[in-house]
Amino acid sequence: MSAWRHFAAQFRDPLVYLLLLAVAVTLITWGLEGWIGWPVDALVITVIVVLNAMLGFVQENRSQQAAAVLARLTVTTAAVMRDGVPVRVPVSELVCGDLLMLSEGDSVGADARLLRVSGLRVQEASLTGESESVLKSAATLTEAPSLAECCNMVFKGTAVVQGSGSALVLATGMGTEIGGIARLLNTTPEQSTPLQKEVRQIGRMLGLAALLITVVVVTTLLLTTEFRGTADIVAVLFLGVSLAVAAVPEGLPAILSLVLAIGVQRMAKHKAIVKKLASVETLGSASVICSDKTGTLTRSEMTIERILTASGCSCPEGVGYAPDGLVRHEGQPLEAGPLHSEVVVILSGGSLAGNADLRQAPDGTWVIQGDPTEAAFLVAERKLGAHVRRSQRFERIGDIPFTSDRKMMSVLAIDHERVDERLIITKGAPEVLLERCIQVRVGLDVLPMTAAARARALADVNTLSDQALRTLSVAYRPLNPDESLLDGEALEQNLIFVGTAGIIDPPRAEAAQAIREAHGAGIRVIMITGDHPRTAARIASDLGIIEAGATALTGAQLDRLDDAALGEAVRTTSVYARVAPVHKLRIVDALQAQGHVVAMTGDGVNDAPALKSADIGVAMGITGAEVTKEAGKMILADDNFATIVAAVREGRGILDNIRKFLRYLLSSNMGEVLTVFLGVVAARAIGLIDSNGAVVVPLLATQILWINLITDSGPALAMGVDEHSEDVMARRPRSPDDRIIDRRMWTDVIQTGLVIALATLLTLDMLLPGGFIVGDQSLDTARTAAFTVLVLTQLFNAFNARSESASAFRNMFENHWLWLAVVAGLILQVTVVQLPFLNGAFGTVPLAIDQWALCLAMSSLVMWFSELRKFFLRRSLLADMH
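First things first, this report covers the structure right here in the doc. As the structure is a prediction and not an experimental result, all values here were calculated from the model.

**Let's talk about the packing of helix α27 (residues 779-800) against helix α30 (residues 849-859)**
- With their axes 8 Å apart at the nearest point, α27 and α30 run at an angle of 40° to one another. Between α27 and α30, the angle falls in the class oblique. Crossing of α27 against α30: the hand is right-handed. Residues T781, A785, T788, V789, L792, T793 and F796 of α27 touch α30, and the partners they reach there are Q851, W852, C855, L856, M858 and S859.
- Its residues assigned to classes, the contact of α27 with α30 shows eight nonpolar, five polar and no charged.

What follows is the structure, given as structure tokens:
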């Protein structure tokens, strides 16, 4: 929705009519006073009202623009062939006649006729309701089928789950099948979040309260004031309308949207792209994070951790693809000798028997092409410094590819240091490879593979497996002159066993810290992976998700649990292994049934249902499929678990900031309303009467609207970007049922508003000739001082509102934007008081230095009251903790 359309939509809110009524009364006053003289005050009122409206509109427009920027970050793309070149374009730019290139994981961006398919299966549940994926064909159909039977078409909004193909675009956007459904959905309003509902409810409540108080004030004035003409009556009516407008923080929806948008943009800078502003509220309430293992909790960079050969154990240093560190034995750098010789053979052999490539990018980072497990050998070989000799010594001349049945691969190479001797090098699963070995490498020697040697090699494999390491063994043998690549798998016999490497995808260092932070925040972390249970438990233990020795629950075990048993299992189990997407969905549903707010990560096509079901679906930005990104409410641009925790921290901080400016706006507006209301009700007691004994108002309409203009939006918006408190991740998760404005905040709002009103009215009483304290100043001077006190108390209150319990002096100078707003408000107030040409418009007179000092002292009472209240609140909270 454009900003203009959104502005027009606001007229559905009854509170907006208060603003319209203010403008109407202003124009009436202007017209009536036009017969008497130049209506300066009416003109000023009109300008202030329009400025208030424009300020709210500008804020809303900024929030809409910020949301549009975020929308561009999450745009869905499609692969098309244009000018003979494959390119990816936003789905919104697809046109009829484009050639779609479809592959597994793609979200179909338009309705299209298939031209070529290769095992193409498409999930069309979102369109047809069929849970099974549909096998597609490019064949021509003989009769018009139903939508579910259009096997030679693909439709927008569906997902490719298998295979590939190409298709000619026939319809885009609202012209597609799902576009027709979207037209029906346009008539269905989107559900509001609890925060939006609560803010709307507060607005209605304040509006009714403001109207009630307005009626009381206006009625009181009409009954107790002697009017000299129609203009006086209109002035009283306008005062009432101004009071009603001042009572309602009309800029609240715009400020709320803008603060959310700024927070979401801040998340995007930290690699967390939130697709909807309302999701920030849910992020702040997350109580469980269900995370995949590979790439999210781990680096997705396979690393050789241990090497076991006949002469002992070696351990390469470091993790990841950067070849930094040494290979060590018993803590010391590996030196020349039998063990060094064996490690050279296993690492160089494993590197040669693979198709991966390791290179340094222009930015200095190390990247791979090919299988990550094969790359692990290249990295470890570089740490040993054996890669240069291997590349010069051996020339690869052929290979026998890996298959899942054989569980190994082999390469044929020429050894130029041995008179062009040919040899075969094999890498594969230890249990398979050992069956094909008859000898074992020990140092520089080759010895027979005895039963004891075979048993030791198998024991080494079990040792590595017990440590949750993936194991790969390497073997080789020289080829006979009559053997060639044509012999194929027959060459992989009578091999010389070298040793076994233990490989792991190491945990991210930042993930462990993020998990500790999540636990400290009362957020439970659950690992859900398709990996081996032992590997999952090892990584989870290293990261602190579970205690050492705890086990994982497997998908097969989940299948045997009914819903009740699953509910009990999810209370205590934090690691799930060998799970399918349907298991993820069951786990999410079980956790939600227990009242948890669940964040779930996913990258594959089949993860989309679980992401959509979760309260916060988190899609992977690097490895995630397009359909998964569409289903998620948040996208991780770096696929990093720590980014999720950072987003939760940001979400909590944003909710804190929303509470800050709500506390500020409501208490300040409460102070304005109570000042006028109590001033009129107790007018005679404090001397608010004119020479004829008639009641006069404590503030003029222009002054009320001026206060609203300079004290509402600026400080409130500055609090919306306040730095997050240090304890934001030291609290329990917020329940979705908890109110943003709870009883304690309402008590604070009412008490602060009452203090603001009393400080303002006391200033009036001190300066006016009558009342409890006899003064000697004119009504204009007393009213100007009271007007100034009301402005300054609200500026002081801005610092109070930054925390419910912490002192306003703590980190007082941290928020530069708040100081800018406060100083700007102070300068503007001094301007309307001290500049003579503005005195007439605002009904003010210049104040002397001692009167400014009095205003400053009286205004500070709100801060001292708040400090006292917070002191006792802190003592109460400490007592409750003990």
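**Brief notes about the pattern of salt bridges**
- Per the stated rule, a full pass over the model turns up 32 salt bridges.
- When the shortest N-O distance is used, the salt bridge between E492 and R406 registers 2.3 Å. With E492 in the loop between β21 (470-478) and β22 (495-504) and R406 in the loop between β16 (394-403) and β17 (408-415), this pair connects stretches of sequence that are 86 residues apart. Take E492 and R406: they sit in the same class, and that class is buried.
- In this structure, the salt-bridge partner of R659 is E804, at a minimum N-O distance of 3.8 Å. Note that R659 is positioned in helix α22 (residues 641-681) and E804 in the loop between α27 and α28 (816-834), a separation of 145 residues in sequence.
- Overall, R659 belongs to the buried group, its relative accessible area being 16%.

**Brief notes about the sheet that holds strand β23 (residues 524-528)**
- Strand order across the open sheet formed by eight strands is β8-β28-β27-β26-β9-β23-β25-β24, with mixed pairing between neighbours. On the outer flanks of this sheet lie β8 (272-274) and β24 (553-554), each paired with one strand and no other.
- Pairing geometry for β23 and strand β25 (residues 575-577), over two bridges, is parallel. Looking at the pairing, M527 lines up with V575 of β25.
- Strands β8, β9 (288-291), β23, β26 (598-602), β27 (616-620) and β28 (634-636) of the sheet are contacted by α22, whose axis makes an angle of about 160° with β9.

**Notes on the side chain of K660**
- Summarising the element assignment, K660 is placed in helix α22.
- A residue is classified by how much of its surface remains accessible, and K660, at 7% relative accessible area, is buried.
- Contacts of K660, omitting those with residues within four sequence positions, involve M719, D722, E723, A801 and R802.

**Describing α30**
- Here α30 has its buried residues at Q851, W852, C855, M858 and S859. Across the axial projection of α30, the buried residues extend over an arc of 130°, all falling on one side. For α30, the exposed residues set more than 90 degrees away from the buried face come down to I849 and D850.

**Quick notes on the pairing of strand β1 (residues 77-82)**
- Strand direction decides the pairing type here: β1 and strand β2 (residues 85-90), joined by six bridges, are antiparallel. Note that in β2 the partner of T77 across the bridge is P90.
- Hairpin remark: β1 followed by β2, antiparallel, with two residues in the connecting loop; positive phi at D83, about 55°.
- Bridge analysis of β1 against strand β3 (residues 99-103) gives two bridges, and the strand direction is antiparallel. Residue pairing for β3: M81 is matched across the bridge by L99.

**Remarks on the environment of F813**
- Examined against the element boundaries, F813 turns out to sit in the loop between α27 and α28.
- Classification of F813 as exposed rests on a relative accessible area of 58%.
- When the C-alpha positions of F813 and F799 are compared, they lie 9.8 Å apart, and in sequence the two are 14 residues distant.

**Quick look at the packing of aromatic side chains**
- This model, assessed by the stated rule, comprises five aromatic pairs.
- Considering the side-chain rings of F809 and W864, the 6.0 Å spacing of their centres and the 25° angle between planes classify their relative orientation as stacked. Of this pair, F809 sits in the loop between α27 and α28 while W864 sits in helix α31 (residues 861-881), and the two are 55 residues apart along the sequence.
- The exposure class assigned to W864 is partly exposed, which follows from its relative accessible area of 47%.
- With centroids separated by 5.1 Å and ring planes inclined at 5°, the aromatic side chains of F813 and W819 adopt a geometry described as stacked.
- Ring pairs connect the aromatic residues F799, F813 and W819, which therefore count as one cluster.

**Re the nonpolar core**
- I545, F641, I658 and F661 are the most contacted members of the largest nonpolar core, which has 126 residues in total.
- The element that contributes the greatest number of residues to this core is α22, accounting for 17 residues.
- The contacts of I545, once residues within four sequence positions are left out, are L297, I515, H519, V525, M527, A540, S574 and V575.

**Focus on helix α8 (residues 252-269)**
- In this model α8 runs 26 Å from its N-terminal to its C-terminal C-alpha over 18 residues, within 8% of the 26 Å that 1.5 Å per residue would give.
- Among all positions in α8, only L252, A254, I255, L256, L258, V259, L260, A261, G263, V264 and M267 are buried.
- Looking one or two residues beyond α8, the residue adopting positive phi is K271, at roughly 80°.

**Focus on unusual backbone geometry**
- Of note in the backbone geometry, K407 takes a positive phi value of approximately 60° without being a glycine.
- Checked against the element boundaries, K407 lands in the loop between β16 and β17.
- Accessibility expressed as a relative area gives 41% for K407, which makes it partly exposed.
- Even without glycine at this site, A468 takes up a positive phi of about 60°.
- Inspection of the secondary structure puts A468 in the loop between α14 (451-466) and β21.
- Of the residues examined, A468 reaches a relative accessible area of 3% and is grouped as buried.

Conventions adopted
- Residues numbered from 1 in each chain as written.
- Predicted model: local features only at pLDDT ≥ 70, side-chain atom pairs only at ≥ 80, totals over all residues.
- Heavy atoms only, no water.
- Axes fitted to C-alpha atoms, helices over the stretch in contact; angles between N-to-C directions.
- Helix = DSSP H or I, 4+ residues; strand = E, 2+ residues; numbered from the N terminus.
- Parallel < 35°, antiparallel > 145°, perpendicular 65-115°, else oblique.
- Left-handed = near helix turned anticlockwise from the far one by under 90°.
- Contact = heavy atoms within 4.5 Å.
- Nonpolar A, V, L, I, M, F, W, Y, C, P; charged D, E, K, R; others polar.
- Salt bridge = Lys/Arg side-chain N within 4 Å of Asp/Glu carboxyl O.
- Buried < 20%, exposed > 50% of the residue type's maximum accessible area, 1.4 Å probe, protein only.
- Pairing = 2+ DSSP bridges.
- Arc of directions from axis to C-beta.
- Phe/Tyr/Trp six-rings, centres within 6.5 Å; stacked < 30°, edge-to-face > 60°.
- Core = buried A, V, L, I, M, F, W, Y, C linked by side-chain atoms within 4.5 Å.
- Expected span 1.5 Å × (residues − 1).

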